[in-house]
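Per-entry structural report
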Amino acid sequence: MLTRRRFLATAAYTLIAARLHPQGFSKTQVALSVPLEATGLHVPVDFVGLSYEVQQLGDPTFFSAQNSGLIRAFKALSSAGVLRLGGNSSEFAYWKPAPDSPEPEHPQVREAEGEPKAHYYAVTAEAVKHLAEFLRATGWTCLYGIGMGTNTSARAAEEAAFVAETLGDRLQYFLMGNEPDLFDRHLRDPKTWSAKTYLEEWLTLARAIAARVPGARFGLPDVTGKVSWLTEISDQWPSIQSPPQVTTLTHHYYFGGPATNPEVNIPNLLKPATMDKVQNTANIAAAAASKIDARVRMTEGNTCYRGGKPGVSDVFAAALWSADYSLLLASNNYSGVNLHGGTGKSVANSVGGSLPGDALLEANGESPEQIAAHPHPFYTPIGTFGSDYQLEPVAYGLKFAGSFSGGTLLKTEFSTKLQAAGVNATAYAAKLPGGQTSVIILNKDAAVDLAVELDFGRGVSGAARTEILHAPALDSREAQITTATKTDSLKQGKCSVTVPHATGLRLTLT
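None of the values given here were measured: they were computed from a predicted structure. (Residues numbered from 1 in each chain as written. Predicted model: local features only at pLDDT ≥ 70, side-chain atom pairs only at ≥ 80, totals over all residues. Heavy atoms only, no water.)

1. Let's talk about the overall build of the protein chain
Note the threshold: Secondary structure follows DSSP: runs of H or I at least 4 residues long count as helices, runs of E at least 2 residues long count as strands, and numbering of each begins at the N terminus. The globule rule used for comparison is 2.2 Å times the number of residues to the exponent 0.38, while the radius of gyration itself is calculated over C-alpha atoms. Buried means the residue's accessible area, taken with a 1.4 Å probe over protein chains only, is under 20% of the maximum for its type, while exposed means over 50%, and partly exposed covers the values in between. Residues count as neighbours in contact if any of their non-hydrogen atoms are within 4.5 Å of one another. Using a 1.4 Å probe, accessible areas were evaluated by the Shrake-Rupley method; residue-level cover was limited to the displayed protein chains. By the counting scheme adopted, Arg and Lys are positive, Glu and Asp are negative, and His together with the chain ends is not counted. Taken as the charge centre is NZ of Lys, CZ of Arg, CG of Asp or CD of Glu, depending on the residue.
Each helix and strand counted, the protein chain has 15 helices and 22 strands in total. In summary, the protein chain has a C-alpha radius of gyration of 23 Å against a globular reference of 24 Å for 510 residues, a match within 12%. In terms of overall dimensions, the protein chain has C-alpha extents of about 70 × 55 × 45 Å along its principal axes. A buried classification covers 59% of the 510 residues belonging to the protein chain. Long-range pairs, those at least 24 residues apart, make up 81% of the contacts in the protein chain with a sequence separation of at least 6. A total of about 20,100 Å² of accessible surface is found on the protein chain, and carbon and sulfur atoms cover 51% of it. Once the 43 positive and 47 negative side-chain charges of the protein chain are each reduced to a mean point, those two points are 5 Å apart.

Encoded structure:
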């Protein structure tokens, strides 16, 4: 059903759509061989994840068993996902174990563009108890972020002890410090701050927590741009005496930003060079993780930092991007992906008080009613409209990629074949937990349809069921995953499919 909110948002981009989508479309043909043996990497069953600001806990009713709408949205995205709590706002939270617990004294900090103002807020025992109920209701687990920038080791340990006892097996590990590579902008002395001084502080907090929570597990360093910190930390790790139990090296990723940056656009988001840069980051992260016998996880990221860009972050192009990005990380042995979102207020607070995307829409002449029709923040996977929660396009891409969760990737030559064909498309294959072979093809090209012959091997037979990730256009404010009403049988182990421009297709042998 086309709601008024969807109508207003789609109508606002009608003229842009006419420019983005040419009238004639060409077709490229390519043959892809699908191997029978699952010799690739395993995709964790909980690969799919979301990231929210810790400040969201300021409303104890948000993550709670009573928030049935949000629970339904989480379960629609994944039956076994991972919620990460962190974000810029985590550095201004303080632990309040009891209603009469006094607010602690806070250190002086500097203001910086894009960083939260020094407005402190409490995380209460009530909020953590409700969080535990929410996690049990959704079937999800949690990566729990504890602030480092304005915290003390004693308060961190007290909070961690309560969280560990309350969340129980729903807690995977703790994260301390959000984007510490940017602390020199407002929280630490830029003359002395480095990966080395960060690690020294982190160890103090981690050891205090481990003393209160035996067996505590951790992820680090949750950096934004300086992925080189992962290398520096892994190089220093062997020299640490009795190190805390680190299971995961973590980093963030945003394609670009802020919303006012003209380079943040659909063509740039979907071009192959964007994923080439992602691969370079994955190479560095994976090499660092292997040195300390850990995995890598992208714990916070999305299309455009500081809340997203209307017309890029909240449209179908973001679905194709998130599907491709997630599957590329899976093929690099990442344990998961957490796309950042939440309510507009919490994310606006985390980036200084307002969303640049709103100013962009105002400058373009949109009315308050039209602006309100967009999700806030613009990149959020789950849009919040009053008491209504709905999956946004970027979430549909994550859900599409998440269909491989629990499976084993197949080693293919898909990338070489598609690159040689000259089409902007990617493809991945996996053996699912039930034994079925499944292939995902993402045609990110705005003007070229893709005719694909899939060869599963001459001796393979069976029926092929298809699902389509689609929308009317790349800049449509919607996304859908549609399952075909009929199946096609393999002929001599082969099956031909057409993947239209700006569309994703998943074919599974039944």
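2. Re the nonpolar core
Stated formally: Here, nonpolar core means buried Ala, Val, Leu, Ile, Met, Phe, Trp, Tyr and Cys residues that are tied together by side-chain atoms lying within 4.5 Å of each other.
By size, the foremost hydrophobic cluster in this structure holds 123 residues, and its most contacted members are Phe63, Tyr144, Phe174 and Trp202. If you tally residues by element for this core, the top one is helix α10 (residues 316-330), at 12 residues. Every residue in contact with Phe174, bar those within four places of it in the chain, is listed here: Tyr144, Ile146, Ala160, Val163, Ala164, Ile209, Ala216, Arg217, Phe218 and Gly219. Listed in part, the 26 residues of the second largest apolar core include Ile441, Val460, Val499 and Leu505.

3. Let's talk about the layout of surface pockets
As a reminder, the rule being used: Points on a 1 Å grid, built from protein atoms alone, make a cavity when a 1.4 Å probe fits but cannot get out and make a pocket when they are open with protein on both sides within 12 Å along at least 5 of 7 lines; residues with an atom within 4 Å of a point are the lining residues. Grid points are joined across faces, edges and corners, and a volume is the space filled by probe spheres set on the points. Here the term charged refers only to Asp, Glu, Lys and Arg, the term nonpolar to Ala, Val, Leu, Ile, Met, Phe, Trp, Tyr, Cys and Pro, and the term polar to all other amino acids, Gly among them.
What the largest pocket holds in volume is close to 690 Å³. Leu328, Ser415, Thr426, Ala427 and Tyr428 are, among the 26 residues lining the largest pocket, the residues nearest its centre. Of all elements in the fold, only α9 (272-291), α10, α15 (414-421) and β15 (425-431) reach the threshold of two or more residues within the lining of the largest pocket. Top element by residues in the lining of the largest pocket is β15. It accounts for five residues. Of the residues contributing to the lining of the largest pocket, the split by class is 13 nonpolar, nine polar and four charged. If you add up the space inside the second largest pocket, you get close to 500 Å³. Taken together, 29 residues make up the lining of the second largest pocket; nearest its centre are Glu179, Leu182, Thr224, Tyr254 and Tyr305. At the level of elements, β9 (245-256), α9 and α11 (344-350) are the ones that each hand at least two residues to the lining of the second largest pocket. Here the element with the most residues in the lining of the second largest pocket is β9; it accounts for four residues. Across the lining of the second largest pocket, the residue classes tally to nine nonpolar, 10 polar and 10 charged.

4. Description of helix α3 (residues 68-77)
An α-helical segment advances 3.6 residues per turn. Residues three or four places apart therefore align on the same side. Considered for burial, the residues of α3 that qualify are Gly69, Leu70, Ile71, Ala73, Phe74 and Leu77. The inward-facing, buried residues of α3 abut β2 (48-53), β3 (82-86), α4 (125-138), β12 (382-385), β13 (388-391) and α14 (393-401).

5. Quick word on the pattern of salt bridges
Where we set the bar: One speaks of a salt bridge when a side-chain nitrogen belonging to Lys or Arg is within 4 Å of a carboxyl oxygen belonging to Asp or Glu.
One pass over the full model with this rule turns up 13 salt bridges. Among the salt bridges present, the one from Glu113 reaches Arg306, with a minimum N-O distance of 3.4 Å. Note that Glu113 is positioned in the loop between β4 (93-96) and β5 (121-124) and Arg306 in the loop between β10 (295-304) and α10, a separation of 193 residues in sequence. Residue Glu113 is classed as exposed on the basis of its relative accessible area of 61%. The partner of Arg477 in a salt bridge is Asp314, and the shortest N-O contact between them spans 3.9 Å. Of this pair, Arg477 sits in the loop between β18 (463-470) and β19 (480-483) while Asp314 sits in the loop between β10 and α10; the two residues are 163 residues apart in sequence, bridging distant segments of the chain. Take Asp314: its relative accessible area is 1%, and that puts it in the buried class. Bridged by salt links that share partners, the residues Arg84, Asp222 and Glu300 form one connected network.

6. So, the environment of Thr508
Its location among the elements puts Thr508 in strand β22 (residues 503-509). For Thr508, a relative accessible area of 2% translates into the label buried. If near-sequence neighbours (up to four positions away) are discounted, Thr508 is found in contact with Leu432, Gln436, Thr437, Ser438, Ala463, Ala464 and Arg465.

7. Focus: empty space enclosed by the protein
Enumeration according to the criterion identifies four cavities of 30 Å³ or more in this entry. Roughly 70 Å³ of volume is contained in the largest cavity. Forming the walls of the largest cavity are Val54, Ser90, Ala93, Tyr94, Trp95, Val123, Tyr144, Gly145, Ile146, Gly147, Asn151 and Glu159. Those elements that place two or more of their residues in the lining of the largest cavity are β4 and β6 (141-146). Around the second largest cavity, the lining residues are Asn88, Glu91, Glu115, Pro116, Asn178, Glu179, Leu182, Phe183, His186 and Leu187.

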